[in-house]
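Below, each chain spelled out in residue letters.
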Amino acid sequence: MGEKNTDEKVINLGEARLRAHDHIVRGTAADGQLRAFAMSGRETVQEMRDRHHTSNVVTAALGRLMMAGQMMGAMSKVDDELITLEVRGDGPVGGLTVTANNQGQVKGFAYHPNAWLPLRPDSHLDVGGAVGAGTLTVIHDIAHMEPYSSTIGLVSGEIGDDLTYYFAESEQIPTSLGVGVLVDVDYTVRQAGGFVIQAMPGCEDYVLDQLERNLAGVRSVTQMLEDGMGPSDMLAHLLRGMDYQELDAMPAQFHCGCDKDRAARCVLALGEREMRDMIEKGESADVHCHFCGASYRFAPEELEALLG
Ligand SMILES: [Zn+2]
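What you see is a predicted model; the values in this text were computed from it and never measured.

1. Description of the overall build of the protein chain
Moving on, step 1. Of regular secondary structure, the protein chain possesses 11 helices and 13 strands.
Moving on, step 2. If one aligns the C-alpha atoms of the protein chain with their principal axes, the spans along those axes are about 70 × 60 × 45 Å.
Moving on, step 3. Of all 308 residues assigned to the protein chain, the portion counted as buried reaches 38%.
Moving on, step 4. The contacts of the protein chain with a sequence gap of at least 6 include a subset with a gap of at least 24, amounting to 66%.

Written out as structure tokens, the structure is:
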């Protein structure tokens, strides 16, 4: 008995630690006719902001896309699958690229991290205006297989609407996806989170009708977060009266897998002639990672060693 209690304490401590930081919860409702994901992402989006020094509107735009990527990554049952979301638009941000795996890790960058637009008349950040008109491409990349992708036109550039439309159009899955980022007056990320609710094949109309009624009463993701809700609370609220059951939770974070070894491969791709030329001129090679902002410098003697 004593031993069992100790085990339970360890598990509860692990759960508490997990839920004190960004995490994604997975659940189901209406007898498995719906599947649902929700996440808290304040630390993830703040780390992105610290690395890329984004303006408030880009923090919101890229933050929303990153969290959508994290939840879509969490949907994958294949361990080495990567999901890449690419937004291209004619607004001042130009484009956004995000890559996520199925362990809650995501990295991403904006073409113009400093892009700026005035607040909308309702005093919200104008994400749709910053992105503009353009396209969203979703790329599924599984090791040893040909990647497959599909592209749609942006609906509003607000990210949540665009991905909801993507699922309906490209995957024929009725989906409700909401993502929100609230930036504080001191430019720090005050709230960030999101949810995805999807109908499974054969989902009955009365379930979708009930879901629609529930969603109609919800103001926004950031409002739910401001009200003190975490991912579990959000799903319980969105799926109220629908026999919501939580299945599990996993940590979520900003993570870039780049390192000096990978950077060295980029240097080698320059080719021997170019590298010899740099060594002769005493120049070093700099490799910059767009995804996380890290820089790797290779001095002439390191270039020499690489060629060896
Ligand atoms: Zn990196």
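There is more to say after this.
2. Quick look at the nonpolar core
Moving on, step 1. Counting 69 residues, the largest nonpolar core has A36, A61, L65, A68 and F195 as its most contacted members.
Moving on, step 2. At 12 residues, helix α3 (residues 56-75) tops the list of elements feeding residues into this core.
Moving on, step 3. Aside from chain neighbours lying at most four places away, what touches F195 is A36, F37, A38, G178, V221, M234, L235 and L238.
Moving on, step 4. Membership of the second largest hydrophobic core comes to 6 residues, among which are A263, V267, A285 and F298.

3. Things to note about the pairing of strand β2 (residues 34-40)
Moving on, step 1. Among the 7 residues of β2, 6 are classified as buried, and the element is accordingly described as predominantly covered.
Moving on, step 2. Direction of pairing for strand β1 (residues 23-29) relative to β2: antiparallel, over a ladder of 6 bridges. Across the sheet, residue A29 finds its bridge partner in β2, namely L34.
Moving on, step 3. Hairpin geometry of β1 and β2 is characterised by an intervening segment of 4 residues between the two adjacent antiparallel strands and by a positive phi of about 50 degrees at A30.
Moving on, step 4. Here 7 bridges tie β2 to strand β9 (residues 189-199), and the two strands are oriented antiparallel to one another. Considered in β9, the bridge of F37 is made with V196.

4. Remarks on unusual backbone geometry
Moving on, step 1. Positive phi is not limited to glycine here, since S123 has a value of about 65 degrees.
Moving on, step 2. One can find S123 in the loop between β5 (105-110) and α4 (127-131).
Moving on, step 3. A positive phi angle is found at I159, which is not glycine, with a value near 80 degrees.

5. Remarks on the domain arrangement of the protein chain
Moving on, step 1. Segmenting the protein chain into domains produces domain 1 (18-254) and domain 2 (260-307).
Moving on, step 2. The centre of domain 1, based on its C-alpha atoms, is set 36 Å off from the matching centre of domain 2.
Moving on, step 3. On the side of domain 2, 4 residues touch domain 1, which itself brings 5 residues to the contact.
Moving on, step 4. Taken together, the elements giving at least two residues each to the side of domain 1 that touches domain 2 come down to α2 (42-52) and β5.
Moving on, step 5. When grouped by side-chain class, the residues that make up the side of domain 1 that touches domain 2 number 1 nonpolar, 2 polar and 2 charged.

6. A few points about the pairing of strand β12 (residues 285-288)
Moving on, step 1. Bridge count between β12 and strand β13 (residues 295-298): 4 bridges; the pairing is antiparallel. Counted as the bridge partner of A285 is F298 from β13.
Moving on, step 2. The hairpin turn running from β12 into β13, its antiparallel successor, is 6 residues long, and G293 in that turn takes a positive phi close to 85 degrees.

7. As for helix α5 (residues 160-170)
Moving on, step 1. Within α5, the full set of buried residues consists of G160, D162, L163, Y166 and F167. For α5, the arc enclosing every buried residue in end-on projection is 165 degrees, short of the 170-degree limit, so these residues lie on one face.
Moving on, step 2. On its buried face, α5 sits against α3, β6 (134-142), β7 (148-153) and β8 (175-183).
Moving on, step 3. Positive backbone phi, approximately 50 degrees, marks Q172, located one or two places after α5.

8. What to know about the packing of α2 against α3
Moving on, step 1. Put simply, α2 and α3 touch, their axes get as near as 10 Å, and they point 130 degrees apart. Accordingly, the angle class assigned to the pair α2 and α3 is oblique. Where α2 crosses over α3, the handedness of that crossing is right-handed. Within the contact between the two elements, α2 uses T44, V45, M48 and R49 and α3 uses T59, L62, G63 and M66.
Moving on, step 2. Of the residues in the contact of α2 with α3, the class split is 4 nonpolar, 3 polar and 1 charged.

So, how was this worked out
- Residues numbered from 1 in each chain as written.
- Predicted model: local features only at pLDDT ≥ 70, side-chain atom pairs only at ≥ 80, totals over all residues.
- Helix = DSSP H or I, 4+ residues; strand = E, 2+ residues; numbered from the N terminus.
- Buried ≥ 20, exposed ≤ 12 C-beta atoms within 10 Å, placed from the backbone.
- Contact = placed C-beta atoms within 7 Å.
- Core = buried A, V, L, I, M, F, W, Y, C linked by C-beta atoms within 7 Å.
- Pairing = 2+ DSSP bridges.
- Domains from an automatic or database assignment.
- Nonpolar A, V, L, I, M, F, W, Y, C, P; charged D, E, K, R; others polar.
- Arc of directions from axis to C-beta.
- Axes fitted to C-alpha atoms, helices over the stretch in contact; angles between N-to-C directions.
- Parallel < 35°, antiparallel > 145°, perpendicular 65-115°, else oblique.
- Left-handed = near helix turned anticlockwise from the far one by under 90°.

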